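# Inside the fold
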Amino acid sequence: MEKIVSFCKRKGFIFQSSSIYGGIGGFYDYGPLGSQMKKNIKDNWWNFMVNTRANVVGLDSAIIVNPKVWEASGHLENFTDPLTECRKCHKRFRADHLIEGCGLELSQIKCPECNGDLMDVRNFNLMLKTFIGPVEDSSSIAYLRPETAQAIFINFKNVLDTQRLKIPFGIAQIGKAFRNEITPGNFVFRTREFEQMEMEFFIKPGEQEKWFKYWLDERIRWYTDILGIKKENLRIKETPKEDLAHYAIACADIEYNFPSMGWSEIEGVASRGDYDLSQHEKYSGEDLKYFDEAKGEKYIPYVIEPSCGVDRTMLALICDAYEELEKGRSGDSNATEIVLKLNSNISPIKIAVLPLVKNKEEITSKAKQVFNLLSPCFVSEYDETGTIGKRYRRQDEIGTPFCVTIDFDTLNDNAVTVRNRDTMGQERILIKDLMEYFNKNV
Ligand code: ATP
């Protein structure tokens, strides 16, 4: 994991936030490559969950909502983690994390930092508080949302009234969420500001088993077939019945086998019954039932919720794709070479356009023409500095699937060399055929 963290910083994927001021715990910034890769993950999720399904629509709600929402959803009362504090150094810890797997009671455990005694556990609410308007009092308190899902429930009626949807249907949303985690850590795995990709799929009560299985299978298909994550690094962990939240019918985590941390959740799929809509109906006084005209039935739909974190998915993707290859793969270096074997739909840069030399005007201007041709359709990079071997390796490291080299022959035959990241195979393609070639291969 240390290698991955320094790789992400060195190549401009992820930086510690506010690093010039000494950082701030639990916040990260995504650099030029990271922001593009994150966008690719979100675009692929949206395409898979929304655009390719006739019965799923999107939503982009406000981050701050009426605080009553959090009262109704139970977050104000129950969205807590067990907190303990060291009496000596005053560091704070998640009590459940300290106990996990060690077979001891908390009273038998000492502070992992200074061996001091730990205080009794108290419940710590994870919602970040702020104030709306110029007066800071109890009537102006608001919360940064700890999940995107509740805004979907409170818009259920708006969407239903405007979209002519019939059950089963889904409402999906991507957006920032905030949790005042007691112990953020493991790089972007546990942060205080992160992004979620969530969908609420509304179904007829009684059909929850079928749809829970359907979405669990679909979500695994997204990770393996669309993102290209290795099957052996993914597993499903079902929550035992006795550990389920009181309103949940079933719940399963999709876990990734991270370096150092081992198996850890990247997504939760939950069968939530009619809990959320019923609560909002009760607290708002609005009728949130669905009317099935054909059958003349009126009911509060049940819900299946696949809830996935963008940041954890990105970390899993980088861990999965990162390969260190034995020295000299490309024959002109003895150093270990890094190749980021990302699927081309996820790679931040799809095509690197490389003039063989930088001091020959005919070649660089031809290369710029090729860049102008490709870049409106494929995220491309123009790079003329360093030897061609070094430039290939630079692109391999950041996961660029194709390099296009413009050389002296190009000036006569209007063809370029296309190099494949994984096979290092090279083919000669006419410039006029490049768009078709990349449309097929990216
Ligand atoms: P954990 O048990 O690890 O705290 P959770 O079960 O509370 O996670 P959910 O509430 O199910 O997480 O949120 C859905 C998804 O949002 C998670 O699977 C994860 O990908 C992401 N997520 C949740 N909390 C964080 C966080 N603090 N930092 C980054 N991603 C997060």
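Values in this document were obtained by computation on a predicted structure and should not be read as measured data.

### Structural notes on the domain arrangement of the protein
- One can read the domain layout of the protein as domain 1 (32-69 + 148-318) and domain 2 (349-441).
- Just the C-alpha atoms count here: the centres of domain 1 and domain 2 sit 40 Å apart.

### Focus on the site of the ligand
- In the vicinity of the ligand, 15 residues are found, and the nearest of them are Glu181, Arg190, Thr191, Glu265 and Ile266.
- Contacts to the ligand include Glu265, whose side-chain N or O atom sits 2.7 Å from an oxygen atom.
- Interatomic distance of 3.1 Å between a side-chain N/O atom of Arg312 and an oxygen atom of the ligand.
- Taken together, the elements giving at least two residues each to the shell around the ligand come down to strand 10 (193-203), strand 13 (262-273) and strand 16 (302-309).
- Split into classes, the residues belonging to the shell around the ligand amount to 4 nonpolar, 5 polar and 6 charged.

### Digging into the packing of helix 11 (residues 361-374) against helix 14 (residues 434-441)
- Look at helix 11 against helix 14: their axes get within 10 Å of each other, and the N-to-C directions meet at 50 degrees. Taken as axis vectors, helix 11 and helix 14 run oblique relative to one another. Where helix 11 crosses over helix 14, the handedness of that crossing is right-handed. From helix 11, Val370, Leu373 and Leu374 reach across to helix 14, where they touch Leu434, Met435 and Phe438.
- Here the residues of the contact of helix 11 with helix 14 sort into 6 nonpolar, no polar and no charged.

### Some words on the sheet that holds strand 4 (residues 80-85)
- Judged by pairing direction, the sheet is antiparallel, and its 3 strands sit side by side in the order 5-4-6 without closing on themselves. The outermost strands of the open sheet, each flanked by one partner alone, are strand 5 (92-94) and strand 6 (122-125). Recorded for the sheet is a direction-independent mean angle of 50 degrees between the axes of neighbouring strands.
- Sheet topology note: the strand 4/strand 6 ladder contains 4 bridges and is antiparallel. The residue of strand 6 that forms the bridge with Pro82 is Asn123.

How each quantity is defined
- Within each chain, residue numbers correspond to sequence positions counted from 1 in written order.
- Local features in a predicted model are, by the rule used here, given only for residues with pLDDT of at least 70; side-chain atom pairs are given and counted only at 80 or more, and totals for whole chains, interfaces and linings are based on all residues.
- Derived side-chain values reflect all non-hydrogen atoms in the structure, with water molecules and hydrogen atoms excluded from consideration.
- For the purposes of this description, domain bounds are those given by an automatic or database domain assignment.
- Proximity is defined per residue: any heavy atom of the residue falling within 4 Å of a molecule or strand makes that residue near it.
- Polar contact criterion, stated in full: a pair of N or O atoms within 3.5 Å, where within protein one must be able to donate a hydrogen and the other to accept it, and residues adjacent in sequence count only if both atoms are side-chain atoms.
- Elements are defined by DSSP. Helices are runs of H or I of four residues or more, strands are runs of E of two residues or more, and each kind is numbered from the N terminus.
- Each residue gets one of three labels, nonpolar for Ala, Val, Leu, Ile, Met, Phe, Trp, Tyr, Cys and Pro, charged for Asp, Glu, Lys and Arg, and polar for the others, Gly among them.
- Geometry is summarised by axes, namely lines fitted to C-alpha atoms with helices restricted to the contacting stretch, and by angles between N-to-C directions that run from 0 to 180 degrees.
- For classification, angles of less than 35 degrees are called roughly parallel, those exceeding 145 degrees roughly antiparallel, those between 65 and 115 degrees roughly perpendicular, and all remaining angles oblique.
- If you view the pair so one helix is near and one far, a crossing is left-handed when the near helix is turned anticlockwise from the far one by less than a right angle, and right-handed when it is turned clockwise.
- What makes two residues a contact is simply this: any of their non-hydrogen atoms within 4.5 Å.
- Pairing between two strands requires that DSSP report at least two bridges joining them.

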